[in-house]
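Single-letter residue listing:
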Amino acid sequence: MAIATEKATDARLPLHYRFTRYLRSHFIPAIGILGLIYLFVPIAVVFAFSFNDRLPNGRGSVSWVGFSTDAWTNICVDPNICRAVGTSLQIGVLSTIAGTVLGTMIAFALVRHRFRGRQSTNLTIFLPMATPEVVLGSSLLALFLSTRIPLGIVTVLIAHVMFTISFVVVTVKARLAGLDPRLEQAAMDLYADEKQTFRYITLPLVAPGIAAAALLAFSLSFDDFIITYFNKGPSITTFPVYVWASAARGVPPQVNVIGSLMFFGALALVLLAQLAGKVKRR
Amino acid sequence: MASSSSSGKVEDLRLVNLVKDYSGVRAVDDISLTIPAGSFFALLGPSGCGKTTTLRIVAGLEDPTSGRVFIGEQDVTIKPPYQRPVNTVFQNYALFPHLTIHDNVAFGLKRRGEKDIETKVSDMLDLVELSDLARRKPAQLSGGQQQRVAVARALINQPDVLLLDEPLGALDLKLRRQMQIELKRIQVDVGTTFVHVTHDQEEAMTMADTVAVMNSGRIEQMGAPEEIYELPKTAFVANFLGQANLMEAEVVDRDGGQLVVQAYGNKWAIPTARAVQNEGQIIVGIRPEKLRIALGASADTEATNSIVGTVTDASFVGVSTQYLVRTPWGQELIAFEQNLAGGDRIRVGDEVSLTWEKSHSFGLAGHENVDAGVMDLSGAIAEAVTESS
């Protein structure tokens, strides 16, 4: 028996080598899966709690009460929640459009043109991303108050466009930098003037970058609490502000429903984009 | 828009005193030349010699600092690229990645609002044998196929001049040889003027009717390939176009149509007509394949010059053997010997004589650097690096 084992191991690779090889092939995927679980548990909790029942006194609860689809069938039972979502969507769409257009133009200027101050512009673009939101929000409030601009949807829009531009510039710039300038030269060589070159070559090739930038800008705007809270004034309430205010009385499960809807909406968008890409490639 | 050759008439391309400065560095230094309609013209030179800049000025992608570009009688110097009857095959092709092969090829016709686009595109794809791949995207094609799409996309517009910027640089050697023949065939078929930029002297000589050798922004010499190969006028041309043995010598006598020169105790003669100067210090040149190598001392005849030396290296390369022979004054000469005899070869260490026909030698100006244009290893590596970037 002992002899037989010895003979069998002779043909095998050394134990320590097999052990590290086993680790390499099993350990790293396991860590990866744990990492993914870490990322998705909060989303799963949000989804699960969208089916939570209310407490007998009608308030939302942070602990499990019982299963109910009531929140999904009556999302707007409190009209304030739907009004807040509407306000957030409105601000999100408007600031995304403005931020994406401005940011894309800045990105083109920075990548395609050599001008005085280009390097310092490149640096200052990062400043809003690096500044704490609390500082941005409070100093913007000071600015609006001292210039007597009434707080409301306009001031929130100005603030949101301001901080989304940086993200748009960085995203579009990355895509543009990867675009071979010879493609545009080739288009001009093939009788396309400046406008046609932009329409048929530059724009289609940079579009994925612009789309990614717009999505990022939208989610940043929709999500923002700190800067919005400072500059919104008493007249409007955005969705994050509503959630924060309702937390004191127990967050209603409808908030989780809206969170889940946002998540599945984003997921559907990504899947659609991938599917469209596959169909186009055929 | 572009006055293209729908009439079938192709125009001469004329460059007049073309100069291009890049922040103090002169890339193109006063180039004037006429490229006749329908010819296959090669601009040959090492990287950084200004050949690509010259091409881009003709395409309109670069503004000249001064000088003019004419196509026929039309001055196109300040016209934007999309108003010139010129199309370009870019280095690495610059195919539009988001468009199909069909749409890439149709791009120019669509911009000009031509009729019968479908027929023309399918004819052109037939010509370059890519009809089956019309619905594919460029990334799905091999390098050789992409290269043919790039040619088709430019040629379908029937330009007066087709510019080719190192079009074969990204292909492997075998495919490159095949495409050289293919491009030459297409050029003969369509009769358009081709201006081809390359750093590969063999490619330039294989394809072009006329080769212009460029060095630091200037044209050193221009002519038919065999003409400039056999009779280079400068050390740079002698060394860049093939290989050359260049030896410093002094003119000591003139004998009829010949110069008698003395070098390190040897007396040679070269035809006066083949020397750029006929007195004082000159450089005597001879191509390696013109040298006959033989064991022992040579029997000099009326028609030959000779040198004795020691073989320091012999590399067998199949069709020929390349010898390095050290002369008594320490210079190493190259000699190519065809493998006609087989067997009994000359070995390293043998004392040999090198003989050549007097009429094969050429004379260059004595002040020139005999190493100008020699491709040393560091230069070749630097070139490979700049190209891959």
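Placed above this text is the structure.
Scope of this entry: the structure provided in the associated data block. (Residues numbered from 1 in each chain as written. Chains lettered and ligands numbered in written order. Predicted model: local features only at pLDDT ≥ 70, side-chain atom pairs only at ≥ 80, totals over all residues.)

So, on to the overall build of chain B. Looking only at helices and strands, one finds nine helices and 20 strands in chain B. Taking the principal axes of its C-alpha atoms as reference, chain B extends roughly 75 × 45 × 40 Å. Out of the 389 residues in chain B, the part that is buried amounts to 40%. Of all intrachain contacts in chain B linking residues separated by at least 6 positions in sequence, the fraction that spans at least 24 positions is 67%. (Helix = DSSP H or I, 4+ residues; strand = E, 2+ residues; numbered from the N terminus. Buried ≥ 20, exposed ≤ 12 C-beta atoms within 10 Å, placed from the backbone. Contact = placed C-beta atoms within 7 Å.)

For the rest of this paragraph, the subject is unusual backbone geometry. Residues and elements named next belong to chain B. Not every positive phi belongs to a glycine, and Ser 23 is a case in point at roughly 35 degrees. Tracing the backbone through its elements, the reader meets Ser 23 in the loop between β1 (13-22) and β2 (25-35). A count of 4 C-beta atoms within 10 Å places Ser 23 in the exposed class. Positive phi, normally seen in glycine, also occurs at Asp 116, with a value near 55 degrees. Here Asp 116 is to be found in the loop between α2 (101-111) and α3 (117-127).

Turning our eyes to something else, we now look at the sheet that holds β2 of chain B. All names here are of chain B. Spatially, the four strands line up as an open sheet ordered β2-β1-β4-β5, and their pairing is antiparallel. The open sheet terminates on both sides in strands that have one partner only, identified here as β2 and β5 (74-75). In the sheet, strand β4 (residues 66-71) pairs with β5 via two bridges, with the strands oriented antiparallel. Within β5, the residue paired with Phe 70 across the bridge is Asp 75. Each of β1, β2 and β4 touches helix α1 (residues 51-59); the most contacted strand, β1, lies at about 115 degrees to it. (Pairing = 2+ DSSP bridges. Axes fitted to C-alpha atoms, helices over the stretch in contact; angles between N-to-C directions.)

Our next topic: the nonpolar core. One finds Val 58, Ala 152 and Val 195 of chain B to be the most contacted residues of the largest nonpolar core, which totals 96 residues. It is helix α4 (residues 143-155) of chain B that contributes the most residues to this core, six residues altogether. Not counting the four nearest positions on each side in its chain, Val 195 of chain B is found in contact with Leu 13, Ile 35, Phe 41, Leu 43, Leu 55, Val 58, Val 161, Leu 163 and Leu 164 of chain B. Core analysis: the next-biggest nonpolar cluster, separate from the first, contains 18 residues, Ile 125, Val 168, Val 172 and Ala 213 of chain A among them. (Core = buried A, V, L, I, M, F, W, Y, C linked by C-beta atoms within 7 Å.)

So, about the interface of chain B and chain A. Facing the 19 residues of chain B at the interface are 16 residues of chain A. Among the secondary structure elements, those contributing two or more residues to the side of chain B that touches chain A are β6 (86-89) and α2 of chain B. At three residues, the largest contribution of residues to the side of chain B that touches chain A is made by α2 of chain B. Counted by class, the side of chain B that touches chain A contains 11 nonpolar, four polar and four charged residues. (Nonpolar A, V, L, I, M, F, W, Y, C, P; charged D, E, K, R; others polar.)

These figures capture arrangement, not role.
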